[in-house]
Amino acid sequence: MATGRFLLKRALQGVFVIWGVVTVVFLLRFVTPGNPITFVAPLDASQALRQQIAAELGLNRPIYVQYVDYLASLLQGDMGYSYISGTAASTRIFNRLPATLELAIAATVVAVCLSIPLGVVSATHRHQPADYGATGFSLAGISTPNFWLGIMLVLVFAVQFGLFPTSRRVVGFLPAIEMLFTEGSVDGLVTWLAHITLPAITLGTYFTALITRLTRSGMLDELGKTYIRASRAKGLPETLVRYKHALRNTLIPVITVVGLQLGTLIGGAVITEAVFAWPGLGTLVINAINARDWPMIQGSLIVIGAGFVIVNLLVDALYASLNPQVANE
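Below or above, wherever it landed, is the structure these notes cover. (Residues numbered from 1 in each chain as written. Predicted model: local features only at pLDDT ≥ 70, side-chain atom pairs only at ≥ 80, totals over all residues. Heavy atoms only, no water.)

### A word on the environment of Val109
Link 1 in the chain: Locating Val109 in the fold gives a position in helix H5 (residues 89–124).
Link 2 in the chain: Along the backbone, Val109 and Ile201 are 92 residues apart, and their C-alpha atoms lie at a distance of 9.9 Å. (Helix = DSSP H or I, 4+ residues; strand = E, 2+ residues; numbered from the N terminus.)

Here's what the structure looks like:
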């Protein structure tokens, strides 16, 4: 019951956060320089035509009326229509969302699979070559800009050695899996892996370095505690002491950071998507900003904000399952 109340409280807080995001994103249109009519109307449009376009888009109404209508439309799943293409914003946004989610999840998988073993090895071999190597890698990972790393990976592994394609997303993960089960062909999955490897490494390198350092410091802290010495004194195997007791307690803050960073990856993959021409939300937002296409900008930012809230809610649920005391606080 305590866990249920805890998660319900977090869900209600998430609803208020999303409402705040919607409000801020809506108001951005009124404080940002540039009239969207200028980008929609022809260059030689008369004042009468500009007023007609503003009336058709509903931009000539009072702000509070537009705000109430916008909230009502959102509750019905309507994010408006693109000023440029005239298509539904929600359709274009949700068509791009799988690509961004694939990239963010792949980067997270790369980061978690590399960083936790590196952090454990670094902590259990303190002041040894393995520790120096892991800390040096984490320092380099945190210090390396994503755009530079992405370009270098393309030049070396795609252009020089031809091991990976330079850009684009030819097939998505779900279609590749469907092809595997319906046609028995792994070509789709191989193609998907080839195209996502370099972007995932680029996006996940900073994340890998961060989790490595966090795991190392957490393991060092846990290995120095009394219950670890008592476990060793009882004769428990060192592997059991390290991985069942010390690592389990270390993972609690690590999971929190992983969840927060996953939300950051969903909204912060703009540079990586631009380098690899990855057709995700990031490139959609950039193009929409350049065209002052406000329905696309607002819809994309709201989806990204909602993604943050959902990821944090899932992290809270996992955190409460690992440490039930959290739900009672």
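### Some remarks on the environment of Phe26
Link 1 in the chain: Locating Phe26 in the fold gives a position in helix H1 (residues 2–31).
Link 2 in the chain: Residue classification places Phe26 among the buried residues on the basis of a relative accessible area of 2%.
Link 3 in the chain: Along the backbone, Phe26 and Leu114 are 88 residues apart, and their C-alpha atoms lie at a distance of 40 Å.
Link 4 in the chain: Setting aside residues up to four positions removed in sequence, Phe26 forms contacts with Ile63, Gln66, Tyr67, Tyr70 and Gln298. (Buried < 20%, exposed > 50% of the residue type's maximum accessible area, 1.4 Å probe, protein only. Contact = heavy atoms within 4.5 Å.)

### Overview of the packing of aromatic side chains
Link 1 in the chain: Across all of its chains, the model carries four aromatic pairs by this definition.
Link 2 in the chain: An aromatic cluster is defined as three or more aromatic residues linked by ring pairs; in this entry it consists of Phe26, Phe30, Tyr67 and Tyr70. (Phe/Tyr/Trp six-rings, centres within 6.5 Å; stacked < 30°, edge-to-face > 60°.)

### A few points about the pattern of salt bridges
When the charged atoms of two side chains lie near each other, side chains of opposite charge can form a pair.
Link 1 in the chain: According to the stated counting rule, one finds five salt bridges in the structure shown.
Link 2 in the chain: Across the salt bridge formed by Glu102 and Arg169, the nearest N and O atoms sit 2.9 Å from each other. On the criterion of sequence distance, the pair formed by Glu102 in helix H5 and Arg169 in the loop between helix H7 (146–160) and helix H8 (173–183) is long-range, its members being 67 residues apart.
Link 3 in the chain: For Glu102, a relative accessible area of 12% corresponds to the buried category. (Salt bridge = Lys/Arg side-chain N within 4 Å of Asp/Glu carboxyl O.)

### Section: unusual backbone geometry
Link 1 in the chain: Not every positive phi belongs to a glycine, and Arg168 is a case in point at roughly 75 degrees.
Link 2 in the chain: The topology assignment puts Arg168 in the loop between H7 and H8.
Link 3 in the chain: Classification of Arg168 by relative accessible area gives exposed; the value is 53%.
Link 4 in the chain: Here Ala277, not a glycine, exhibits a phi torsion of approximately 50 degrees, which is positive.
Link 5 in the chain: Classification of Ala277 by relative accessible area gives partly exposed; the value is 41%.

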